[in-house]
Amino acid sequence: MDRIKIGVVTTSDRASQGIYEDISGKAIIDTMKAYLLNECDYEYRCIADVQELIESTLTDLAQTGCDLIVTTGGTGPAPRDVTTEATENVCHKLLPGFGEQMRAVSLRHVPTAILSRQTAGICQNSLIINLPGKPSAIRECLDAVFPAVPYCIDLIGGRYMEADESVISIFRPKQK
Amino acid sequence: MDRIKIGVVTTSDRASQGIYEDISGKAIIDTMKAYLLNECDYEYRCIADVQELIESTLTDLAQTGCDLIVTTGGTGPAPRDVTTEATENVCHKLLPGFGEQMRAVSLRHVPTAILSRQTAGICQNSLIINLPGKPSAIRECLDAVFPAVPYCIDLIGGRYMEADESVISIFRPKQK
Amino acid sequence: MDRIKIGVVTTSDRASQGIYEDISGKAIIDTMKAYLLNECDYEYRCIADVQELIESTLTDLAQTGCDLIVTTGGTGPAPRDVTTEATENVCHKLLPGFGEQMRAVSLRHVPTAILSRQTAGICQNSLIINLPGKPSAIRECLDAVFPAVPYCIDLIGGRYMEADESVISIFRPKQK
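Residues numbered from 1 in each chain as written. Chains lettered and ligands numbered in written order. Predicted model: local features only at pLDDT ≥ 70, side-chain atom pairs only at ≥ 80, totals over all residues.

(A) Expanded view of the overall build of chain A. Helix and strand counts for chain A stand at 7 helices and 6 strands. Its helices and strands taken in sequence order, chain A reads β-α-α-β-α-β-α-β-α-β-β-α-α from the N to the C terminus. Computed over the C-alpha atoms, the radius of gyration of chain A is 15 Å, within 12% of the 16 Å expected from 2.2 N^0.38 for a compact globule of 176 residues. Dimensions of chain A, computed from C-alpha atoms along their principal axes, come out at roughly 45 × 35 × 30 Å. A buried classification covers 51% of the 176 residues belonging to chain A. (Helix = DSSP H or I, 4+ residues; strand = E, 2+ residues; numbered from the N terminus. Rg over C-alpha atoms; globule rule 2.2 N^0.38 Å. Buried ≥ 20, exposed ≤ 12 C-beta atoms within 10 Å, placed from the backbone.)

This is the structure in structure tokens:
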């Protein structure tokens, strides 16, 4: 079974200064451990909401061979929310269906889901997915899009993910 | 209670020449009066479908301190429909969830809802929301997105809106 | 009844080399024949997944007076999937509602629908719509968006389409 490499990037001025604990980044890692049967290496970064820093962190993680990079935070309308901008800048392909689906699922719980600008895209050979900053939304958003993630990573030349089907059902269409 | 400032921009070649009455702009103001408990100043503009004119009107309204700017008209595929282009040009952040949600709601009524390019975004410290030109769609679209508007305006540093909960339920997540 | 001109563009490295038969392009033509009462001329192209070639093909078809241009293939995340990029480059207006609606419909069948970047837009006086490459998705996606297509083509100055209402219900709002 392939050994997977996953980047986890928390963007938060306060968490990066140690003012509060980064629960969301840890929730992403816990969710990946629950989903995947593969052994995984995690590259974890907790950084300030500075666009250039987020961009260089994302491209560095892509460069080191992450199959998947998941961000949390910085997707709202506030002036310091620049994770979406950074993601759009470093990706050569954007996948708007991820944001649409995550907003649609979050909208079942809170009407403010429409304020999220979260997106996904391809940077080098990595799939980057933006998640909101709120810990409670991490699992909900990942459950909504992860079924399509292993096949996406196949298509961009990444390693072969295998999921624990008792936790999450992934889907790979038959090749034509 | 804060005194709110709201811009209302009708873009229509014919309404701006007085060929017909601008019902949609008035419907926006009536809806805001029904929603909000705050006292509001309205800045109303009815202008031609000229992109540069729409852009300068939007940035002027943002400059004068509007918390919210609502446009009507110019979001379709016709050559003179340029309100969306103007909005995208003057905003430093776009909020695609607004357009997605308004199209999803309009789709319950008419299949041509997919032709609308309406969006929303942040220009300076103002939230701009595009509505379609048809009077009947104004209330429907505002009902679909307004619950998230006061919190969005909080996040961009605007004044504190308070709604008549017997008319519209707004939502502010608890701060973390 | 107007005589309509429709472009059908299959982008596929393998189909364009004759390695396999282009079933999707033929499915588009068959669907249009079932939908439309008008007589139609079809301009069919089966080309490699090369962005410049796709762009020049699309602009040529628009130039020759196609009312509608439907593409199939090249909308996924793989490196050779560049039909969406080509479409975005040649269109002066994009219509994100088409992609949203096609992904929403495809999501009822497969979670990997969120990987599709399919969009639609206006190039000169032609409406371009991206469909996925899989033959089974052609009819499903066209059924989801075609009801809005004739009115869209009216708005951009194209010919007047008339549909077989026993096959597909199209919709034109009353003019204001």
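(B) The arrangement of unusual backbone geometry in detail. Residue and element names in this part refer to chain B. Phi at glutamine 124 takes a positive value of approximately 55°, unusual for a residue other than glycine. Counting through the fold element by element, glutamine 124 comes out in the loop between strand E5 (120–123) and strand E6 (126–131). Overall, the presence of 17 C-beta atoms within 10 Å leaves glutamine 124 in the partly exposed class.

(C) Here's a closer look at the relation of the copies chain B and chain C. At an RMSD of 0.0 Å, chain B and chain C line up after a rotation of 120° and a shift of 0.0 Å along the axis. What the superposition gives is, in effect, a three-fold axis relating one chain to the other. Proximity to the rotation axis, assessed at the C-alpha, singles out Glu100(B) in chain B; its C-alpha lies 4.3 Å from the axis. When you check the interface residues of chain B against chain C, a mere 7% turn up at the interface there too, and the two sides of the contact use different surfaces. (Least-squares fit on C-alpha atoms with pLDDT ≥ 70 in both. Contact = placed C-beta atoms within 7 Å.)

(D) A look at the packing of helix H2 (residues 23–35) of chain C against helix H6 (residues 135–145) of chain C. Residue and element names in this part refer to chain C. Viewed as axis vectors pointing N to C, H2 and H6 meet at an angle of 30°, and their least axial separation amounts to 8 Å. In terms of axis orientation, H2 runs roughly parallel to H6. Like other packed secondary-structure pairs, H2 and H6 cross with a definite hand, here right-handed. Between H2, through Ile23, Ser24, Ala27, Ile28 and Thr31, and H6, the contact on the second element is made entirely by Pro135, Ile138, Arg139 and Leu142. Broken down by class, the residue content of the contact of H2 with H6 amounts to 6 nonpolar, 2 polar and 1 charged. (Axes fitted to C-alpha atoms, helices over the stretch in contact; angles between N-to-C directions. Parallel < 35°, antiparallel > 145°, perpendicular 65-115°, else oblique. Left-handed = near helix turned anticlockwise from the far one by under 90°. Nonpolar A, V, L, I, M, F, W, Y, C, P; charged D, E, K, R; others polar.)

(E) Local environment of the interface of chain A and chain B. Each side of the interface is counted separately: chain A has 15 residues, and chain B has 18 residues. Among the residues making up the side of chain A that touches chain B, the classes are represented as 7 nonpolar, 4 polar and 4 charged.

(F) Quick look at the interface of chain B and chain C. With 15 residues of chain B in contact, the opposing surface of chain C contributes 18 residues. Residue composition of the side of chain B that touches chain C, grouped by class: 7 nonpolar, 4 polar and 4 charged.

(G) Structural view of the relation of the copies chain A and chain B. For these two chains of identical sequence, chain A goes onto chain B by a turn of 120° and a shift of 0.0 Å along the axis, with RMSD 0.0 Å. The two copies present different faces, since only 7% of the interface residues in chain A are matched by interface residues at the equivalent positions in chain B.

(H) Main features of the environment of Asp49(B). Residue and element names in this part refer to chain B. Mapped onto the fold, aspartate 49 is located in the loop between strand E2 (40–47) and helix H3 (51–63). A tally of 22 C-beta atoms within 10 Å means that aspartate 49 is categorised as buried. C-alpha of aspartate 49 to C-alpha of aspartate 13: the two residues are 36 residues apart in sequence and 5.5 Å apart in space. Contact partners of aspartate 49, with chain neighbours within four places excluded, come to Thr11, Ser12, Asp13, Gly74, Arg80, Asp81 and Val82.

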